[in-house]
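# A look at the structure
Below are the chains, spelled out letter by letter.
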Amino acid sequence: MTRSKYLASLTDEKRRQLERRLHDRQTKLCFICDEVIDLVLHKGEIDIDHIDPLAKDGLDAENNFALTHSSCNRSKGTSNLEVARRLAEFERLQEQARQAGKRGANLGDVLERHGGSKAQLRIRSKNGNAEFSLSEVGLNEIRRVPLLQDKLSGMQSFFTSLPLEYLHHDDRINPRSIGSNIRGLIEEFRDSRPQLHVALAWWEASEDDAGEIKVFDGQHKAAAQILLGVRELPVRIFVTPDTNVLLQANTNAGGKLRQVAFDTAVMRHLGSTLYAERVNQFRNLRGLSDNDYSFSEQDLVRFFRGEQREMKRYIVDAQRDAVMRAPANSLVEFVEWAGKGANRPLSYTAIERSFFKEFLYKEALDSSIDQELEQGTNPRQLERKQLICIMNLFAEVFFIGKWDPEIGGRRIENRLRDGDTIQQSHLRAWRVAREEVLANLLRWLRLVIENYFAYTGQMYHNDRLLHQQLPDSLWDRMRNFLTNISSLPCWIDRDFSGSIFGPKRNLDFWERVFRTGKTPDGTQVLAQPLDLSQLIVPREGNSKGRHELTNSA
Ligand SMILES: [Zn+2]
């Protein structure tokens with residue numbers, strides 16, 4: 001709460017009088033949550049605060065004060081009471097929507113609450129103009145607006161501004177609900193920054209030549225302004241379009257087209273839709289151009305401060321997406337996407353809990369997103385590229401040409417016990433792919449990298465190992481390590497099918513096996529504990545091919 005000289009100067013009696021006046025002015029309701037404030041029952045739990053904060057040149061005077069529950073004021077998470085009030089209103093809409101079984105509120109809910117979505121519009125096309133009249137809201141004059149024809153698609157549209165009564169939400173083309181990032185927009189519009197992109201809508205006459213104006217793009221901006229009391233919004237309206245074409249165009253615009261328009265490496269980084277949405281929104285509100293990447297992940301996290309944790313997750317999600325969808329990633333074809341299926345040895349969860357757990361930096365970076373992109377030393381770019389290299393190394397050592405999809409993995413340990421012959425390389429692939437084994441192997445691989453830096457006396461950031469280019473000699477060590485691991489007899493030992501690989505094991509089980517050579521109950525699995533210094537040197541029979549960093553990642 002902002003410190004007020006005015007309030008501090010009041011006597012107790014004067015302050016109580018002020019409370020009562022505000023209480024009357026607000027018809028006894030809390031300025032933020034719109035619930036009743038009881039001057040007796042809530043005594044001591046009532047705040048007087050500035051509507052426009054002093055820090056933003058708000059006046060320290062009675063007409064800039066409002067009465068709130070103390071708890072509402074504390075939890076508002078914004079400096080501005082007006083914004084807090086709008087957010088509280090939106091929260092109530094969210095809650096109602098969820099209770100009605102929806103994922104969240106959308107523009108339709110906001111419109112409905114504010115008296116919108118009531119009327120249909122009649123539009124006549126005449127002499128290159130769209131003609132219409134807003135008689136449902138008492139505006140009977142005929143409006144004429146030029147109809148514009150899109151040269152290549154032939155679609156016709158016009159720009160106008162319409163009262164809420166005529167606006168409807170299109171939840172087919174835009175099925176998403178409104179995210180908590182609406183906070184940023186409310187603050188931005190509240191601070192008198194203009195709307196840069198108008199909402200998009202379409203119209204088609206249904207019965208009686210009248211039809212609804214269906215808004216399919218720009219719902220966050222529209223909702224934010226409506227919550228702030230705006231009663232009329234600018235909109236571009238497509239007239240009797242093929243809505244499937246619109247749907248496709250809208251999907252492409254948010255997806256692959258932007259990717260073509262800019263460095264593919266960056267666009268993969270933005271692969272996660274949610275992340276891309278936030279980035280676009282950030283740009284819109286900052287007035288940045290479509291291919292401006294001069295801001296940092298930290299800037300985004302700070303900007304969407306109502307959803308910092310989510311924002312960080314979007315950033316990491318986008319990175320994961322990019323790694324898993326990269327054409328250069330050859331491990332992907334061994335990954336079962338939902339659970340652990342029978343035809344592919346790896347589960348996606350196993351990938352998350354091994355490769356991504358050890359090597360993906362989970363915090364937001366403070367360097368600009370396009371930093372050193374052209375030189376190829378951008379930290380996220382390096383992270384992606386080298387993660388893919390590590391995955392490819394695994395694929396090469398354990399899976400490619402070794403895993404036989406025809407044999408699969410169903411009941412494989414049982415079949416062994418029943419006396420089936422299973423190819424050794426296939427069995428190895430299956431066993432190494434177990435989540436608890438893989439997770440421990442990746443821990444050890446991480447050790448290979450850390451030890452290298454320690455021995456060569458280099459500084460390194462423990463959580464950001466892949467944000468620098470790993471030298472070739474280190475890649476050689478990693479390759480040696482994996483190749484040596486693959487030659488351990490335990491992966492192909494038939495006798496272990498019941499004891500070691502039969503039941504599900506946890507992380508600690510294999511941590512112990514690798515560290516001591518034995519299981520927690522003392523069964524010998526390895527001839528000796530894993531020894532890093534031996535495992536990183538090539539042994540007879542192992543291929544010594546140098547791993548090449550491909551640029552295609
Ligand atoms: Zn309240």
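Below: a short report on this structure. Because the structure is a prediction, the values reported are computed rather than measured.

The secondary structure content of the protein chain amounts to 22 helices and 15 strands. Projecting the C-alpha coordinates of the protein chain onto the three principal axes gives extents of approximately 90 × 70 × 50 Å. Burial status across the protein chain gives 50% buried among its 553 residues. Expressed as a percentage of contacts within the protein chain between residues at least 6 apart in sequence, the contacts between residues at least 24 apart total 68%. Taking the average place of the 79 positive charges on the side chains of the protein chain and the average place of its 78 negative ones, the gap between the two points comes to 2 Å.

Time to look at the environment of Leu-387. Turning to its location among the elements, Leu-387 is positioned in helix α15 (residues 379-399). In this structure the C-alpha to C-alpha distance between Leu-387 and Phe-359, which are 28 residues apart in sequence, comes to 7.2 Å. Excluding residues within four positions of it along the chain, Leu-387 makes contact with Val-323, Phe-355, Phe-356, Phe-359, Leu-360 and Leu-466.

Across a sheet, strands are paired by hydrogen bonds formed along the backbone, either parallel or antiparallel in direction. If you trace the three strands from one edge of the open sheet to the other, you get β4-β5-β6, paired in antiparallel fashion. Looking at strand neighbours, the two that pair on one side only are β4 (124-126) and β6 (139-146), the edges of this open sheet. Taken over all neighbouring pairs, the strand axes of this sheet differ in orientation by 30° on average, direction set aside. The pairing of strand β5 (residues 129-134) with β6 spans five bridges and is classified as antiparallel. Looking at β6, one finds that Phe-132 is bridged to Arg-143.

Bringing the sheet that holds strand β8 (residues 156-163) into the picture now. The strand order across the open sheet formed by six strands is β7-β8-β13-β10-β12-β9, and the pairing between neighbours is mixed. In this open sheet, the two edge strands, each paired with only one partner strand, are β7 (148-149) and β9 (167-169). Here β9 pairs with strand β12 (residues 213-217) via three bridges, running parallel. Looking at the pairing, His-169 lines up with Val-215 of β12.

Here the focus is the pairing of strand β1 (residues 46-50). When you tally the buried positions in β1, you get five out of five residues, the bulk of the element. Judged by which residues are buried, β1 turns out to be covered on both faces: Ile-46, Ile-48 and His-50 on one side and Asp-47 and Asp-49 on the other are all buried. Pairing of β1 with strand β2 (residues 65-69) involves five bridges; the strand directions are antiparallel. For Ile-46, the partnering residue across the bridge sits in β2 and is His-69.

Definitions and cut-offs
Residue positions within a chain follow its written sequence, with the count starting from 1. Per-residue local features are limited, in this predicted model, to residues with pLDDT of at least 70; the limit for side-chain atom pairs, both in listing and counting, is 80 or more; totals at the level of whole chains, interfaces and linings are taken over all residues. Side-chain numbers come from the whole structure's heavy atoms, not from hydrogens or water. Secondary structure follows DSSP: runs of H or I at least 4 residues long count as helices, runs of E at least 2 residues long count as strands, and numbering of each begins at the N terminus. Only protein chains enter the accessibility calculation, which uses a 1.4 Å probe; a residue is then buried when its area is under 20% of its type maximum, exposed when over 50%, and partly exposed in between. Contacts are assigned to residue pairs with any non-hydrogen atoms lying within 4.5 Å of each other. The sign given to each residue is positive for Lys and Arg and negative for Asp and Glu; His and the chain ends receive no count. A charge is said to be at NZ when it belongs to Lys, at CZ for Arg, at CG for Asp and at CD for Glu. The criterion for strand pairing is that DSSP finds at least two bridges linking the strands in question. Interaxial angle, 0 to 180 degrees, is taken between N-to-C directions of lines fitted to C-alpha atoms, where a helix line uses only the stretch in contact.

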